[in-house]
Amino acid sequence: MIIIGEKINGSIPSVAKAIEAKDEEFIKDLAIKQTEVGADFLDVCASVKDEIELETMKWLIDLVQSVSDTPIAVDSPNAAICAEASQFCNKPGLINSVSLEGDKIEQIFPLIADTKWEVVALLCDDTGIPKTAEQRIDIFKTIMAQAKEYGIAPSRIHIDPLVEMLCTSEEGVLMILDVMREIKKLEPDVHITGAMSNVSFNLPYRRIVNMGFTVLAMQAGLDSAVLDPLDRDLRGIIYATEALLANDEYCMDYIEAYREDIFGIQK
Amino acid sequence: MSKLNEVKEMVQKGRTKKIAGVVQEALDAGADAQEILDAMVDTMGDVGDAFSRDEIFVPEMLIAAKAMKLGLEVIEPQLASGAGEKLGKCIIGTVEGDLHDIGKNLVAMMIKSSGFDVIDMGVDVPVDTFIEKIKENPDVKVVAFSGLLTTTMPALKASVEAAKNCDVGNFKVLVGGAPVTEEYADEIGADGYAQDAGSAVTVAKELIASL
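This is a predicted model, so every value here is computed, not measured. (Residues numbered from 1 in each chain as written. Chains lettered and ligands numbered in written order. Predicted model: local features only at pLDDT ≥ 70, side-chain atom pairs only at ≥ 80, totals over all residues. Heavy atoms only, no water.)

Novice: Just checking my understanding: could you explain the packing of aromatic side chains for this structure?
Specialist: By the definition in use, this model includes six aromatic pairs over all chains. Relative to Phe-263 of chain A, the ring of Tyr-254 of chain A lies with its centre 4.9 Å away and its plane at 45°, an arrangement referred to as tilted. Classification of Phe-263 of chain A by relative accessible area gives buried; the value is 6%. Aromatic side chains Tyr-258 of chain A and Phe-57 of chain B sit 6.1 Å apart centroid to centroid with 80° between the ring planes, which places their arrangement in the edge-to-face category. Placement of the pair is Tyr-258 of chain A in helix 10 (residues 252-259) and Phe-57 of chain B in the loop between helix 3 (33-52) and helix 4 (58-82), with the two residues belonging to separate chains. Since its relative accessible area comes to 36%, Phe-57 of chain B is described here as partly exposed. Looking at Lys-22 of chain A, its charged tip hangs above the ring of Trp-59 of chain A, at a distance of 4.7 Å from the centre. Here the guanidinium or amino end of Lys-58 of chain A rests over the ring plane of Phe-88 of chain A, the centre of that ring lying 5.4 Å away. (Phe/Tyr/Trp six-rings, centres within 6.5 Å; stacked < 30°, edge-to-face > 60°. Buried < 20%, exposed > 50% of the residue type's maximum accessible area, 1.4 Å probe, protein only. Helix = DSSP H or I, 4+ residues; strand = E, 2+ residues; numbered from the N terminus. Lys NZ or Arg CZ within 6 Å of the ring centre and 35° of its normal.)

The following block contains the structure:
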């Protein structure tokens, strides 16, 4: 499972406060902690006013890179910011994200074509988030065709099928799982990702819902996720599920992660 | 010698993808096959001990054994010609009425890794079948009975008695299984008792040393 650490995000109130106060130690600490538990990417999202987004991204990226070698997931709803902020990174990371909305793909794909950068692609377009599985698969096919034109291999693409909220759309969650299975069938090398916590909005004790969904999604093909790498129970569930799905020979990864104190009763 | 240490590390850490290459490097560096075998057997002994001390988990023992098997394949051609030293034959099985085999298989695997020639009779083995097998192999050194159910402990007792009373060869009897205790093993006349797959190796070696 590819873990994209979500903790450095200006939409989280404590992080917004740190950005506002230019609290360098707070940001560095989040980067160090997520690195220590083996995050594969550190997501960096400023979530501030447009005028200061780029400078804030630079400030955050510089801080993260001063304490961690883990690649960065450059996260902004604005593709132009993703493109410019990626230049601050000292090694290839992950662009988060593109979709068929506007000219996002035209801005990002040429930039990363001949690099090792990876990219998250959301299955939505100018008409919004599609209601049906068929529409999402159509968008998927269009994105993959464009990636092919730029020579971007499927293994560099993380498809986010856009997780539905369970509380308003029970059938929607099943539909998303079908979309995941269909994508894996069409393109086995593509990664499937998602924000695991979206599923539980407006429900009590959300973490249990998130964990149940993660297990189901992994069986449907999810192999990348934006989540809190310090959530010990969630990490444990993920390691256990990998082993249960026969993706972990002799449970060695599970045992090793346990020994490294990534999950289990805190040592 | 550092190559031998590397072989040991590959077994201990269960590096199934790397071990064959490292064993070949050890051979190329001048180590002989017997030396490499001894190093791997020693390591499996350590692995068994670590398991007995609850320091490692079952899959870690399994993958170490798999690594050793893969290493063995590399040196086998040389061993066959030079006749590698063996500890002797061990007949093992789960007693009649009992279908449990996970623990028995672990013991068989560890005993095999330690240098015994293992004859695994499987599960639900009648007393007579054990005795026939012993007669077919009069050079057997250890006969090991496993029983996991309290209800099959009488079968364990019958098996031990039959083995002790059969007038064949010179071997020791080892017993084990969840409900079996050292006291019970003594009571039914077994020569040795093993609490787990790791200690089974130690006890089996002690037993043959006393033959």
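Novice: Whenever I open this one, the side chain of Thr-56 of chain A confuses me. Can you help?
Specialist: Residues and elements named next belong to chain A. Relative to the assigned elements, Thr-56 resides in helix 3 (residues 50-67). Judged by its relative accessible area of 3%, Thr-56 falls in the buried class. Engagement of the side chain of Thr-56 in a polar contact is seen with the backbone oxygen of Ile-52, the distance being 2.6 Å. For Thr-56, the residues in contact, after removing those within four places along its chain, are Ile-19, Ala-46 and Val-48. (Polar contact = N/O pair within 3.5 Å; in protein donor to acceptor, adjacent residues only side chain to side chain. Contact = heavy atoms within 4.5 Å.)

Novice: Explanation requested: the pattern of salt bridges in the structure shown.
Specialist: As a working rule, side chains carrying opposite charge can pair if their charged atoms are close by. With the rule as written, the count across this model stands at 22 salt bridges over all chains. The salt bridge partner of Glu-6 of chain B is Lys-3 of chain B, with a shortest N-O separation of 3.2 Å. Taken together, the residues Glu-6 of chain B and Lys-3 of chain B, both in helix 1 (residues 2-12) and three residues apart, mark about one turn of the helix. Given a relative accessible area of 23%, Lys-3 of chain B falls into the partly exposed group. Between Asp-139 of chain B and Lys-89 of chain B there is a salt bridge whose closest N-O contact spans 3.2 Å. Taken together, the residues span a long stretch of sequence, with Asp-139 of chain B in the loop between helix 6 (127-136) and strand 3 (140-146) and Lys-89 of chain B in strand 1 (residues 88-94) at a distance of 50 residues. The exposure class assigned to Asp-139 of chain B is partly exposed, which follows from its relative accessible area of 40%. With a relative accessible area of 21%, Lys-89 of chain B lands in the partly exposed category. One continuous salt-bridge network, built from bridges that share partners, spans Arg-207, Asp-231 and Asp-233 of chain A. (Salt bridge = Lys/Arg side-chain N within 4 Å of Asp/Glu carboxyl O.)

Novice: How do you make sense of the nonpolar core when you look at a structure like this?
Specialist: What tends to happen in soluble globular proteins is that the nonpolar side chains get buried as a cluster. Ranked by size, the top nonpolar core spans 69 residues in total, and within it Ile-108, Phe-109, Ile-157, Ile-159, Ile-183 and Phe-213 of chain A carry the most contacts. Shared between two domains, this core holds at least three residues of each, these being domain 1 (1-73) and domain 2 (92-227) of chain A. Residues in contact with Ile-183 of chain A, not counting those within four places in the same chain, are Leu-123, Ile-137, Phe-140, Ile-159, Val-190 and Ile-192 of chain A. By size, the runner-up hydrophobic cluster in this structure holds 50 residues, among which are Leu-4, Val-11, Ala-65 and Ile-208 of chain B. (Core = buried A, V, L, I, M, F, W, Y, C linked by side-chain atoms within 4.5 Å. Domains from an automatic or database assignment.)

Novice: Honestly, the sheet that holds strand 4 (residues 94-100) of chain A in this entry has me stumped. Any pointers?
Specialist: Pairing between the strands of a sheet comes from backbone hydrogen bonds, and it takes one of two forms, parallel or antiparallel. Residues and elements named next belong to chain A. Read across the open sheet, the eight strands follow the order 7-6-5-4-3-2-1-8; overall the sheet is parallel. Strands at the two margins of the open sheet, each flanked by one partner only, are strand 7 (191-192) and strand 8 (224-227). Sheet topology places strand 1 (residues 2-9) next to strand 2 (residues 41-45); four bridges connect them, and they run parallel. When the bridges of strand 2 are listed, Asn-9 appears paired with Cys-45. Taken strand by strand, helix 2 (residues 24-36) contacts strand 1 and strand 2, and its axis lies near 165° from that of strand 1. Across the sheet, helix 6 (residues 133-149) lies against strand 4, strand 5 (118-125) and strand 6 (157-160), angled at about 140° from strand 5, the strand it touches most. (Pairing = 2+ DSSP bridges. Axes fitted to C-alpha atoms, helices over the stretch in contact; angles between N-to-C directions.)

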